[in-house]
Protein chains: 2
Amino acid sequence: MNLSKLDSAYIAGFIDGDGSIYVQLKPNSTYRYKFQIIAYVVLYQSINKGIKFFEEIQKLTNHGYIRVRKDGIAEYIFSKVNDIEFVLKNIHPYLRLKKEQASLMLDILESKKNIQNSKDFLDVAGKIDKFYFMNYSKKRKNDAKYVEKVLRKEKLLTP
Amino acid sequence: MNLSKLDSAYIAGFIDGDGSIYVQLKPNSTYRYKFQIIAYVVLYQSINKGIKFFEEIQKLTNHGYIRVRKDGIAEYIFSKVNDIEFVLKNIHPYLRLKKEQASLMLDILESKKNIQNSKDFLDVAGKIDKFYFMNYSKKRKNDAKYVEKVLRKEKLLTP
């Protein structure tokens, strides 16, 4: 099931205004390549109007879940690959501020599906670096260079 | 010229996410009824991406102006009656969170055009009270009751 064009344009506007598209690497030794790829798309709203509103949008999308943060902000979150792909593919044509992030995120998720070895994983880490620099300028810890160092140390990458 | 449905839905989403629809009364003794009606619709964005983005939207709407606040937030503002009516009439069908505010704002602007005496002005002040209570619960100073008091004191309202 797809979203209508008008609903997609509305959600694109909302996410450009008060939403996030984000992907990061988190160290996790239980994962094959020692880092977990965490990705999400989130819409924010005060709890006051947010819950009912997000439930309406959720009925349109049939994807994602709603949670309330301790600080009283309601979040509508897409975090499963399938959910993120659904929402981003629908709203991509209408995004203006976060269009590039959406494209790169879809590319990252697609690449992630095809990871067969540590080199593939490193390529994805490189794309996540690119994503990060699209949003911020300062360096972060878990960049591809650091991932490479860990993979070599763990003898997961040779030579 | 009207906005396309898709552009209207996008702007509705953006305003629901990160915009304001607002109207208030401000004491001003140079005005006929001693209070100025100040109304606006504003879109917010960080200066970083905001200026170029708002210029794009402005090309679509041909209404409103852009300014940069001292704290680095870019604002795209509709404050003339004609500009507010243009944007709200276009986006109204697609608004979800701020639909009621938009309806009442359009009603207030229409009533404002037909003010012929202080009683008409008081009616508009009453609608602005309603607008205020739609957004906040606490009492404010320049409510219709206070306007009435001032108009009586100035002998603009009898008996």
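Let us look at the structure shown here.

What counts and what doesn't
Numbering of residues starts from 1 in each chain and follows the order in which that chain's sequence is written. Written order decides the labels, with chains lettered from A and ligands numbered from 1. Two thresholds apply to this predicted model, a pLDDT of at least 70 for residue-level local features and 80 or more for giving and counting side-chain atom pairs, whereas whole-chain, interface and lining totals are computed over all residues. In this description a helix means any DSSP run of H or I spanning at least four residues, a strand means any run of E spanning at least two, and both kinds are numbered starting from the N terminus. Each residue is classified by how many other C-beta atoms fall within 10 Å of its C-beta atom, where C-beta atoms are placed from the backbone; a count of 20 or more means buried, 12 or fewer means exposed, and values in between mean partly exposed. Working definition of a contact: two residues with C-beta atoms, positioned from the backbone, lying within 7 Å. Least-squares superposition aligns the copies on the C-alpha atoms of those residues with pLDDT at or above 70 in both. Nonpolar residues are Ala, Val, Leu, Ile, Met, Phe, Trp, Tyr, Cys and Pro. Charged residues are Asp, Glu, Lys and Arg, and all others, Gly as well, are polar. For two strands to be treated as a pair, DSSP must find at least two bridges joining them. Between N-to-C directions, angles span 0 to 180 degrees; the directions come from axes that are lines fitted to C-alpha atoms, helices contributing only their stretch in contact. How far a helix is expected to stretch is found by multiplying one less than its residue total by 1.5 Å. In this description, one arc is meant: the one made by directions from the helix axis to the C-beta atoms. By convention in this section, buried Ala, Val, Leu, Ile, Met, Phe, Trp, Tyr and Cys residues joined through C-beta atoms within 7 Å make up a nonpolar core.

Scanning chain A from N- to C-terminus turns up six helices and four strands. Mapped in sequence order, the helices and strands of chain A form the string α-β-β-α-β-β-α-α-α-α. The principal-axis extent of the C-alpha atoms belonging to chain A is close to 55 × 35 × 30 Å. Taken across its 159 residues, chain A has 35% of its residues classed as buried. Taking the contacts inside chain A whose residues are at least 6 apart along the sequence as the reference set, 54% of them involve residues at least 24 apart.

This part takes up the relation of the copies chain A and chain B. With an RMSD of 0.0 Å, the operation that places chain A on chain B is a rotation of 180° combined with a shift of 0.0 Å along the axis. Between the two chains, the operation in question is that of a two-fold axis.

Another point: the interface of chain A and chain B. On the chain B side, the residues contacting the 18 residues of chain A number 18 residues. Sorting the residues of the side of chain A that touches chain B by element identifies helix H1 (5-18) and helix H2 (47-61) of chain A as the ones contributing at least two each. Looking at the side of chain A that touches chain B residue by residue, the classes come out as nine nonpolar, three polar and six charged.

We now examine the pairing of strand E2 (residues 35-46) of chain B. All names here are of chain B. Alignment of strand E1 (residues 19-27) against E2, held across nine bridges, turns out to be antiparallel. Counterpart to Gly19 in the pairing with E2 is Leu43. Pairing analysis gives six bridges linking E2 to strand E4 (residues 73-78), with the strands arranged antiparallel. Bridge pairing in E4 links Val41 to Phe78.

The next point concerns the sheet that holds strand E2 (residues 35-46) of chain A. Residues and elements named next belong to chain A. Across the sheet, which stays open at both edges, the four strands sit in the order E1-E2-E4-E3 with antiparallel pairing between neighbours. What marks the edges here is a single partner per strand, and that holds for strand E1 (19-27) and strand E3 (65-68). On average, each strand axis in the sheet is inclined to that of its neighbour by 35°, with strand direction left out of account. Contacting E1 and E2, helix H5 (residues 118-135) crosses the sheet at an angle of about 135° to E1.

Moving on to helix H4 (residues 99-113) of chain A. Residue and element names in this part refer to chain A. Relative to the 21 Å expected for 15 residues at 1.5 Å per residue, H4 spans 22 Å between its end C-alpha atoms, a close match to the ideal helical length. When H4 is considered as a whole, its buried residues turn out to be Gln101, Ala102, Met105 and Ile108. Down the axis of H4, the buried side of the element spans an arc of 125°, and every buried residue falls inside it. Of the surrounding elements, those touching the buried residues of H4 are E1, E2, helix H3 (81-91) and H5.

In a soluble, globular protein the nonpolar side chains are often hidden away together inside. Grouped together as the largest cluster of nonpolar side chains are 80 residues, with contacts concentrated most on Met105(A) and Met105(B). Setting aside anything within four residues of it in sequence, one finds Met105(A) in contact with Ile21(A), Val23(A), Ala39(A), Ile84(A), Leu88(A) and Phe131(A).

The subject of this paragraph is the environment of Ala144(B). Looking at where Ala144(B) falls in the secondary structure, it is placed in helix H6 (residues 144-153). The residues touching Ala144(B), leaving out its near neighbours within four places in the chain, are Leu122(B), Ala125(B), Gly126(B) and Asp129(B).

On to unusual backbone geometry. In the Ramachandran plot, Asn62(B) falls in the positive-phi region, its phi being about 60° despite a non-glycine side chain. Examined against the element boundaries, Asn62(B) turns out to sit in the loop between helix H2 (47-61) and strand E3 (65-68).

All names here are of chain B. An order of E1-E2-E4-E3 is seen for the four strands of this open sheet, with the pairing classed as antiparallel. The sheet is open, and its two edges are formed by E1 and E3, each paired on a single side. For this sheet the average axis-to-axis angle between neighbouring strands, irrespective of direction, equals 35°. Where helix H3 (residues 81-91) meets the sheet, it contacts E2 and E4, and its direction lies at approximately 55° from that of E2.

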